[in-house]
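# What the coordinates show
Each chain, letter by letter, is given below.
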Amino acid sequence: MTTRSNVLIGIAAVAASVGIFTAAAAPSGGDIPASAAQTAPEFQNIDQWLNSPPLKLQDLRGKVVLVDFWTYTCINCLNHLPYVQAWNEKYKDKGLVVVGVHTPEFAYEKSTRNVQDAISRLQIKHAVAQDNHYATWKAFNNQYWPAVYLIDKQGKIVYSHFGEGSYGATEKKIQSLLAEPASAAGS
């Protein structure tokens, strides 16, 4: 091969790797404009509810709901979990309902016993929906672990964040949603 060919192959390899990393980066999410906010889909085909009786978003109208997609072996989820737990503790008596939707990445994560062990080890107190068939994941059009969706008192998804970070912005949005009167939410 000529030097020119090697350079072109090298440039192509760098371009391809940049493309892979760009495609793999999670979108930041953030506030969803009221005109674009959609009603949150119901939890679907949940295998098991842990730490809670079965929940329906329809029954949670008037509350702010934080839906957290996670799995117990994801390091990003484990780094993110203390914030979710803190929000649950801080705001559960003020109208926030936290639901962790455990969607497995690996086959062994489908075991209810393994999920229960992780919940115990991680001291998770909020509701956990075991979504082994990705039905709720798909209903939310989710693609990331961790992923947070905030649902207002009217049942609309008004905020999302994918991956770690933006904890301050997420908490401010929780506070803002909790402060809204139920009749004004989503308007």
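Shown above is the structure to which this text applies.
The structure reproduced in this document is the subject of the present report. (Residues numbered from 1 in each chain as written. Predicted model: local features only at pLDDT ≥ 70, side-chain atom pairs only at ≥ 80, totals over all residues. Heavy atoms only, no water.)

## Comments concerning the overall build of the protein chain
Threshold: Helix and strand labels come from DSSP, where a helix needs a run of H or I of at least four residues and a strand needs a run of E of at least two; each type is numbered from the N terminus. By definition in these notes, contact holds between two residues if any of their heavy atoms fall within 4.5 Å.
Each helix and strand counted, the protein chain has 5 helices and 8 strands in total. Listing every helix and strand of the protein chain by position from the N terminus yields α-β-β-β-β-α-β-α-β-α-β-β-α. Here the contacts in the protein chain between residues at least 6 apart in sequence split such that 75% fall between residues at least 24 apart.

## Some words on the nonpolar core
Note the cut-off: Here the nonpolar core consists of buried residues drawn from Ala, Val, Leu, Ile, Met, Phe, Trp, Tyr and Cys, with membership extended through side-chain atoms lying within 4.5 Å. For every residue, the accessible area (1.4 Å probe, protein chains only) is compared with the maximum for its type, and the residue is labelled buried under 20%, exposed over 50%, or partly exposed between those bounds.
Of all hydrophobic cores here, the largest spans 23 residues; its most connected members are Phe43, Val67, Val99 and Phe140. Those elements giving two or more residues to this core turn out to be β4 (64–70), β5 (96–102), β6 (127–130), β7 (147–151) and β8 (156–162). Ignoring anything within four residues of it in the chain, the contact list for valine 99 reads Phe43, Trp49, Leu55, Val65, Leu66, Val67, Asp68, His126, Ala127 and Ala129. Judged by nonpolar contacts, the second largest core, of 16 residues, contains Trp87, Leu96, Ile174 and Leu178.

## Comments concerning the layout of surface pockets
Stated precisely, the cut-off is as follows: Computed over the protein atoms alone on a 1 Å grid, cavities are sets of points where a 1.4 Å probe fits but cannot get out and pockets are open sets with protein on both sides within 12 Å along at least five of seven lines; a residue lines them when it has an atom within 4 Å of a point. Grid points are joined across faces, edges and corners, and a volume is the space filled by probe spheres set on the points. Asp, Glu, Lys and Arg are counted as charged, while Ala, Val, Leu, Ile, Met, Phe, Trp, Tyr, Cys and Pro are counted as nonpolar; the rest, among them Gly, fall into the polar class.
By volume, the largest pocket is sized at about 240 Å³. In terms of lining, the largest pocket is formed by 13 residues, of which the most central are Gln38, Phe140, Asn141, Tyr149 and Ile157. At the level of secondary structure, the elements contributing two or more residues to the lining of the largest pocket comprise β2 (38–39) and β8. With 3 residues, the single largest contributor to the lining of the largest pocket is β8. Along the lines of polarity and charge, the residues of the lining of the largest pocket split into 9 nonpolar, 4 polar and no charged.

## As for the pattern of salt bridges
Basically, it comes down to this: Within this document, salt bridges are pairs made up of a side-chain nitrogen of Lys or Arg and a carboxyl oxygen of Asp or Glu, the two lying within 4 Å of each other.
Scanning the entire structure with this criterion turns up 3 salt bridges. In this structure, glutamate 171 and lysine 90 form a salt bridge, with 2.9 Å as the shortest nitrogen-oxygen distance. Pair noted here: glutamate 171 is in helix α5 (residues 167–179) and lysine 90 is in helix α2 (residues 75–91), with a separation of 81 residues, a long-range link. Judged by relative accessible area, lysine 90 falls into the partly exposed class, the value being 48%.

## Some words on the packing of aromatic side chains
What counts is decided by this rule: A pair of aromatic rings is counted whenever rings of Phe, Tyr or Trp (Trp by its six-membered ring) have centres within 6.5 Å, and the orientation is called stacked for planes under 30 degrees apart, edge-to-face for over 60 and tilted otherwise.
Evaluated as defined, the whole model comprises 13 aromatic pairs. Centre to centre, the rings of phenylalanine 106 and tyrosine 108 are 5.8 Å apart; their planes meet at 5°, and the pair counts as stacked. Under the relative-accessibility criterion, phenylalanine 106 is labelled partly exposed at 39%. Judged by its relative accessible area of 46%, tyrosine 108 is partly exposed.

## A look at the pairing of β5
Just so we agree on the cut-off: For crossovers, right-handed means that the path from the first strand over the helix to the second runs clockwise, given strands pointing away from the viewer.
With respect to burial, β5 is a largely interior element, 7 of its 7 residues being buried. Across the two faces of β5 the burial is the same, with Leu96, Val98, Gly100 and His102 and Val97, Val99 and Val101 all buried. Between β4 and its parallel partner β5, the chain crosses via α2, and the hand of that crossover is right-handed.

## Re unusual backbone geometry
Residue proline 146 is bonded to the preceding tryptophan 145 through a cis peptide linkage, with omega at -15°. The residue proline 146 is located in the loop between α4 (135–139) and β7 in this model. Phi is positive for asparagine 51, which is not a glycine, with a value near 70°. The topology assignment puts asparagine 51 in the loop between β3 (48–50) and β4. One non-glycine residue, glutamine 123, lies in the positive phi region at around 55°. We classify glutamine 123 as exposed; its relative accessible area is 56%.

## A few points about α5
We apply this condition: What a helix is expected to span follows from its residue count: subtract one and scale by 1.5 Å.
The end-to-end C-alpha distance of α5 is 18 Å, a good match for the 18 Å that 13 residues give at a rise of 1.5 Å each. In this structure, the buried residues of α5 make contact with β1 (30–31), β4, α2, β5, β7 and β8.

Limitation: the analysis is restricted to geometry and does not speak to function.
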